[in-house]
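# Observations on the three-dimensional arrangement
As a plain string of letters, each chain reads:
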Amino acid sequence: MTDAKTDLTPPRPAIGLALGGGVARGWAHIGVIRRLLHHGIEPDIVAGTSIGALVGGCWLAGKLDSLEDWALSLNKRRILSYMDLLINGTGLMGGAKLGKVLTHHIADIRIEDLPRPFTVVAAELATGHETWLRNGSLAEAVQAAYALPGVFPPRKVGGRWLIDGALVNPLPVSVCRAMGARIVIAVGLHADAFGRAAVSRRERYDTMEFVEGANLRNTGHGDAGNGDRGSPDNARLDAIRQLFGMGDKAPGMGTVMLASLNIVMDRLTRSRLAGDPPDVSILPQIGHIALLDFDKADELIRLGEDAVDHQMPYIEEAVSILSY
């Protein structure tokens, strides 16, 4: 009688990937995911807040290439075209144009049909409760996840009005643990938001060439250069300068809102992680990039890749130790 060979290799522990919020800085998540897969690290469980939900959902839906191509195609003119400003409403922007583009490839996909367990983190407007979306329309859940109060209107999902999950759980480590992850890799986007990068970062939309093209250049005197001052594009540009201005005058309403969000996410992340830290943190050094710099996708993706390479020894060590 011959004994059957026994595989003594311990099973790999379930890996959870927590993707944090950070508005435009979330393009770094694309580089993180690409690099993790390159190194053979395939998360079994994924949770995302705000833009982390968008990138994580697109990856699991097999649409990460499409999202990356679109992100890399953005320039300031294209960004402006997606800003459907509202005078009266629950947000500065309707979000219809942006939502249509972002969810085009995932419109018919349901969360429960994704190849790995996925949770979208949002906040319920009426109660302030942290809300986990684990089934239903992926597109609806993602739009709720990035419904930043004052900027985008809340989204009604399952009879509840939902807003950006970054207000309750900016980096959803706790969600991954609750879903059964043995190892949690957390990708935070605010590690250096208030360090030296804050000194060099200047969100001065009222003094920069916000849009490419001579007819939309800011001359510093509130006009539109050689363009038609009465055109819809120039009117929209003037409104954006007022909202996000930060020159000698008092900061615009949009600037104050985004700066406040930056503070809330940084402080809340520190508090949440103090009680439930991840096993490995991936912290791209992206604090010098403004929250609305959506046209910096190439740099953000590269910095996300660099952050993974830096942390790979710790990821491999965590997998090795927790495999027993």
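Residue numbering note: each chain is counted from 1, following its sequence as written. Local features in a predicted model are, by the rule used here, given only for residues with pLDDT of at least 70; side-chain atom pairs are given and counted only at 80 or more, and totals for whole chains, interfaces and linings are based on all residues. Excluded from the side-chain calculation are hydrogens and water; included are all heavy atoms of the structure.

As recorded in an unreviewed UniProt entry, the protein chain goes by the name Patatin family protein, listed as coming from Aquisalinus flavus.

## A word on the environment of Leu102
Under the DSSP-based scheme used, a helix requires at least four consecutive residues in state H or I and a strand at least two consecutive residues in state E, with every element numbered from the N terminus. Within the secondary structure layout, Leu102 lies in helix H5 (residues 96–102). Relative accessible area decides the class of each residue, using a 1.4 Å probe on protein chains only: under 20% of the type maximum gives buried, over 50% gives exposed, and in between gives partly exposed. On the basis of relative accessible area, Leu102 is assigned to the buried category, the value being 10%. On a C-alpha basis, the gap between Leu102 and Leu54 in space is 8.1 Å, while along the polypeptide they are 48 residues apart.

## Points about the packing of aromatic side chains
Think of it this way: a Phe, Tyr or Trp ring, Trp meaning its six-membered ring, pairs with another when their centres are within 6.5 Å, and the plane angle makes it stacked under 30 degrees, edge-to-face over 60, tilted otherwise. What the rule picks out here adds up to two aromatic pairs. A centroid spacing of 6.1 Å and a plane angle of 70° characterise the contact between Trp27 and Phe294, whose relative ring orientation is edge-to-face. Residue Trp27 is located in the loop between strand S1 (15–19) and helix H1 (28–38), and its partner Phe294 is located in the loop between strand S8 (280–282) and helix H11 (297–321); the two are separated by 267 residues in the primary sequence. Three or more aromatic residues joined by ring pairs make a cluster, and in this case those are Trp27, Trp70 and Phe294.

## Description of the environment of Leu303
Among the secondary structure elements, Leu303 is positioned in helix H11. Its relative accessible area of 14% is what places Leu303 among the buried residues. Residues Leu303 and Ala28, spaced 275 residues apart in sequence, show a C-alpha to C-alpha distance of 6.5 Å. For this analysis, residues touch if any pair of their heavy atoms sits within 4.5 Å. Once residues lying within four places of it in the same chain are set aside, the contact partners of Leu303 are Pro284, Gln285, Ile286, His288 and Ile289.

## A closer look at the side chain of Glu68
Tracing the sequence through the fold places Glu68 in helix H3 (residues 64–73). By relative accessible area, Glu68 is classed as buried at 16%. In this structure Glu68 touches Ile30, Arg34 and Ile301, once residues within four positions along its chain are discounted.

## Some thoughts on the nonpolar core
We define the nonpolar core as a collection of buried residues of types Ala, Val, Leu, Ile, Met, Phe, Trp, Tyr and Cys that are connected through side-chain atoms lying within 4.5 Å of one another. Membership of the largest hydrophobic core comes to 72 residues, with the highest contact counts inside it found for Trp27, Leu67, Ile282 and Ile315. By residue number, the principal contributor to this core is H11, which donates ten residues. Beyond its immediate chain neighbours, meaning those up to four positions away, Ile315 contacts Leu36, Ile41, Ile185, Val280 and Ile282. Core analysis: the next-biggest nonpolar cluster, separate from the first, contains 13 residues, Leu171, Val175, Ala181 and Leu273 among them.

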